[in-house]
Amino acid sequence: MNLNPEPHAASDRRRLRGGAPIQIGLLGCGTVGGGVLRLLAENAGYLAERAGVPLVVKRVVVRDLEKERVSALDRTLLTTRPEEVVDDPAIDLVVEVMGGDTPARALIERAIDRGKGVVTANKFLLAAHGPALLARAGARQVDLAFEGAVGGGIPIIRTLRDAFASDWVERVTAILNGTCNYILTQMRDTGASFDAALREAQALGYAEADPTLDVDGHDAAHKLIVLAMLAFGAQVDSDDVHTSGIRSIEEADHRYADRFGYTIKHLAIGRDLGSSLELRVHPTLIPKQSVLANVSGVLNAVLLEGRAVGPSLVYGRGAGDLPTAVSVVSDILDVARSIASGVAGMQGRGMSIKPRPVRPLAEIVSRYYLRFAVEDRPGVMGRLAGALGDAGVSIEQIVQQGPTQAGAAGDAAVDVVLITHDAREGLVRSALDAIAREHFLREPVRLFRIEGT
């Protein structure tokens, strides 16, 4: 497949249309693509009124022509040849819901070079290549819209791009993965293990057969990078975003968190520190009375803090065919309006995205939850406290619970759980390195950061 055709001038796409329909080409027809087709069919009249012209699907690219699809699909539109979408001069708008990098990136670039508007829900692609794609679209004066890439049906991209355009976003704290949120909710509310909660999530269709991207935090990290582009004007590499998942969380951690007045959430956290950014994704203890603590099940939420407006919460269903399709079709409507009005390219106008450094994790300051499984003998608690004190880490609260398990020699082990005052992570890690050499430690320490959100 030739991915380097001669580009069409962007001005060709903004000709006076005289009420002609906007012709749409769809790349992909899986869960989200099927939802898009359904909404376009069910709301055709309403969408035509809002756009000023009809919206017509002309081609749908799939890998398998025989696979069962949604009833809203006219199967005569199916093709396995993406060039029938990106190279067709009659198609005005390309919707990419294939996912992944290859061939999605090349096809989007090709559509942009042909002067077509593009709508995508591809968070992975945007996290890796978003600034370059936006610059390419800006140079060709076409629109690249991506509301569906973050938060499913939550209008967070529009909120950052438009509603916060006159303010300065100082902080983003978000629950961005419904799979993690569902598993943590079940563990907290029912006492289920991680494995049992994951199996239930898979049975209900909330988790993939291979849940690695979700439960190890990578999905949320991709979304945080996309949010950082709009919130902080930042271009960052995924390797610079500290990312950890929820596999290490045990029922005991939920029990201790509750005892201290917290609940455990998997959070994506971004802060603008001026000279650098703080970007991290990990399990976090947050106060039970905070707004994010009460976001349960598969729901997502993004808490923004603007310099002028203060806190603002966007909350709703973060995944699924119709929630994500709602965002995609809203983008289709916006881009179609621009094309029909002859003002394409407005979506990214004025957007400045530049490389910005990310503060190393060792330099962040937080409070910490530390759980140690140790031998039940005199002096252990003092040595734990001493190691932390020697590193300059102050203890706020300490609890000993046990015995919880039998050691190899039949002697009991106990849990010692500490909550620290604010401390630099590098100091905490230094103390834990020293403690790891102690013979009384039965298993690796559990460390979770604490946020006051």
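Every value quoted in this text rests on a predicted model; they were computed, and no experiment measured them.

Undergrad: Quick question: what am I supposed to make of the overall build of the protein here?
TA: Along its length, the protein carries 14 helices and 19 strands. Taken over the C-alpha atoms alone, the protein extends approximately 85 × 45 × 40 Å along its principal axes. Scored against the burial criterion, the 453 residues of the protein give a buried share of 54%. Once local pairs closer than 6 in sequence are excluded, the contacts in the protein between residues at least 24 apart make up 75%. Of the accessible surface of the protein, which amounts to about 18900 Å², a share of 49% is contributed by carbon and sulfur atoms. Computed over 50 positive and 56 negative side-chain charges, the inter-centroid distance for the protein is 3 Å.

Undergrad: I would appreciate a short explanation of the sheet that holds strand S6 (residues 144-145) in the present structure.
TA: On the basis of which strands lie adjacent, the open sheet formed by six strands has the order S3-S2-S1-S4-S5-S6 and parallel pairing. Two strands in the sheet have a free side with no partner beyond their single neighbour: strand S3 (78-79) and S6. As defined by bridge partners, strand S5 (residues 117-120) adjoins S6 across two bridges and the pair is classed as parallel. If you follow Val119 over to S6, its bridge partner there is Ala145.

Undergrad: Whenever I open this one, the layout of surface pockets confuses me. Can you help?
TA: Taking a probe equal in size to a water molecule and rolling it over the atoms shows the remaining empty space. The volume enclosed by the second largest pocket comes to roughly 470 Å³. What lines the second largest pocket is a set of 19 residues, and nearest its centre among them are Met229, Leu230, Ala231, Gly233 and Ser352. Those elements giving two or more residues to the lining of the second largest pocket turn out to be helix H6 (156-163) and helix H10 (218-232). When residues of the lining of the second largest pocket are assigned to their parent elements, the largest contribution, four residues, is made by H10. Here the residues of the lining of the second largest pocket sort into ten nonpolar, four polar and five charged.

Undergrad: Just to check I follow, could you spell out the nonpolar core for this structure?
TA: Note that soluble globular proteins tend to have their nonpolar side chains buried in a common cluster. Among the nonpolar cores identified, the biggest contains 55 residues, and Phe146, Ile156, Val172, Leu227, Phe232 and Leu279 are the most heavily contacted of them. Those elements that place two or more of their residues in this core are helix H3 (83-86), helix H4 (104-113), helix H5 (123-140), H6, strand S7 (169-175), H10, strand S11 (277-287) and strand S12 (299-306). With eleven residues, H10 is the largest single contributor of residues to this core. For Leu227, the residues in contact, after removing those within four places along its chain, are Val150, Ile156, Ile157, Leu160, Val172, Leu176, Phe232 and Val302. Among the nonpolar cores identified, the runner-up in size contains 32 residues, and Leu55, Val60, Val328 and Val335 belong to it.

Undergrad: Sorry if this is basic, but what is going on with the packing of helix H7 (residues 178-190) against helix H8 (residues 194-203) here?
TA: In a pair of packed helices, the angle between the axes and the distance between the axes together describe the arrangement. Two numbers describe how H7 lies on H8: the axes approach to 9 Å, and their chain directions differ by 125°. Considering their axes alone, H7 and H8 lie oblique with respect to each other. Seen along the crossing, H7 lies across H8 with a hand that is right-handed. Between H7, through Tyr182, Ile183, Gln186 and Met187, and H8, the contact on the second element is made entirely by Phe194, Ala197, Leu198, Glu200 and Ala201.

Undergrad: In this structure, what is going on with the side chain of Thr284? I would like to understand it.
TA: Inspection of the secondary structure puts Thr284 in strand S11. Reaching out from Thr284, the side chain makes a polar contact with the side chain of His282 at a distance of 3.0 Å.

Undergrad: Help me understand the pairing of strand S13 (residues 310-317), please; the structure alone is not making it clear to me.
TA: The two faces of the sheet receive side chains in turn, since in a regular strand these alternate between them. Inspection of the sheet shows S12 paired to S13 by eight bridges, in the antiparallel sense. Across the sheet, Asn300 pairs through a bridge with Gly316, a residue of S13.

Undergrad: What is the right way to look at helix H11 (residues 251-260) in this model?
TA: Each turn of an α-helix holds 3.6 residues, which means side chains three or four residues apart point in the same direction. Those residues of H11 that fall on the buried side of the exposure criterion are Ala252, Asp253, His254, Tyr256, Ala257 and Phe260. One or two positions beyond H11, positive phi appears at Gly261, with a value near 95°.

Undergrad: What is the right way to read the pattern of salt bridges from this model?
TA: Throughout the structure, instances matching the rule amount to 39 salt bridges. Where Glu425 meets Arg429, a salt bridge forms, and the shortest distance between an N and an O atom there is 3.2 Å. Taken together, the residues Glu425 and Arg429, both in helix H14 (residues 425-436) and four residues apart, mark about one turn of the helix. The class of Arg429 is partly exposed, set by a relative accessible area of 37%. Glu443 is the partner of Arg446 in a salt bridge, and the nearest nitrogen-oxygen pair spans 4.0 Å.

Undergrad: What am I meant to see in H10 here?
TA: Helix length check: H10, at 15 residues, gives a terminal C-alpha distance of 20 Å against a target of 21 Å (1.5 Å per residue), a fit within 8%. The element H10 is extensively covered by neighbouring structure, given that 14 of its 15 residues are classed as buried. In the stretch just after H10, Gly233 is the one whose phi turns positive, near 60°.

Undergrad: What should I look at first to understand the packing of aromatic side chains in this one?
TA: Think of a pair of aromatic rings as described by two things: how far the centres are apart, and how the planes are tilted against each other in angle. Tallied over the entire structure, the rule returns two aromatic pairs. Seen from their ring centres, Tyr182 and Tyr206 are 5.0 Å apart, and the 65° between their planes marks the pair as edge-to-face. Remark: Tyr206 occurs in the loop between H8 and helix H9 (212-215) and Tyr182 occurs in helix H7; sequence separation between them is 24 residues. A relative accessible area of 36% means that Tyr206 is categorised as partly exposed.

Undergrad: How do you make sense of unusual backbone geometry when you look at a structure like this?
TA: Most peptide bonds take the trans form, and the phi angle of most residues other than glycine is negative. Going from Thr102 to Pro103, the amide bond is cis rather than trans, its omega being 5°. With respect to the helices, strands and loops of the structure, Pro103 is situated in the loop between strand S4 (93-96) and H4. The phi dihedral of Gln141 falls on the positive side, at around 55°, and the residue is not glycine. Checked against the element boundaries, Gln141 lands in the loop between H5 and S6.

Parameters at a glance
Residues numbered from 1 in each chain as written. Predicted model: local features only at pLDDT ≥ 70, side-chain atom pairs only at ≥ 80, totals over all residues. Heavy atoms only, no water. Helix = DSSP H or I, 4+ residues; strand = E, 2+ residues; numbered from the N terminus. Buried < 20%, exposed > 50% of the residue type's maximum accessible area, 1.4 Å probe, protein only. Contact = heavy atoms within 4.5 Å. Areas by Shrake-Rupley, 256 points an atom, 1.4 Å probe, with all protein chains shown as cover. Lys, Arg positive; Asp, Glu negative; His and termini not counted. Charge placed at Lys NZ, Arg CZ, Asp CG, Glu CD. Pairing = 2+ DSSP bridges. 1 Å grid on protein atoms, 1.4 Å probe; cavity = no way out; pocket = protein on both sides within 12 Å on 5 of 7 lines; lining within 4 Å. Points joined across faces, edges and corners; volume = space filled by probe spheres on them. Nonpolar A, V, L, I, M, F, W, Y, C, P; charged D, E, K, R; others polar. Core = buried A, V, L, I, M, F, W, Y, C linked by side-chain atoms within 4.5 Å. Axes fitted to C-alpha atoms, helices over the stretch in contact; angles between N-to-C directions. Parallel < 35°, antiparallel > 145°, perpendicular 65-115°, else oblique. Left-handed = near helix turned anticlockwise from the far one by under 90°. Polar contact = N/O pair within 3.5 Å; in protein donor to acceptor, adjacent residues only side chain to side chain. Salt bridge = Lys/Arg side-chain N within 4 Å of Asp/Glu carboxyl O. Expected span 1.5 Å × (residues − 1). Phe/Tyr/Trp six-rings, centres within 6.5 Å; stacked < 30°, edge-to-face > 60°.

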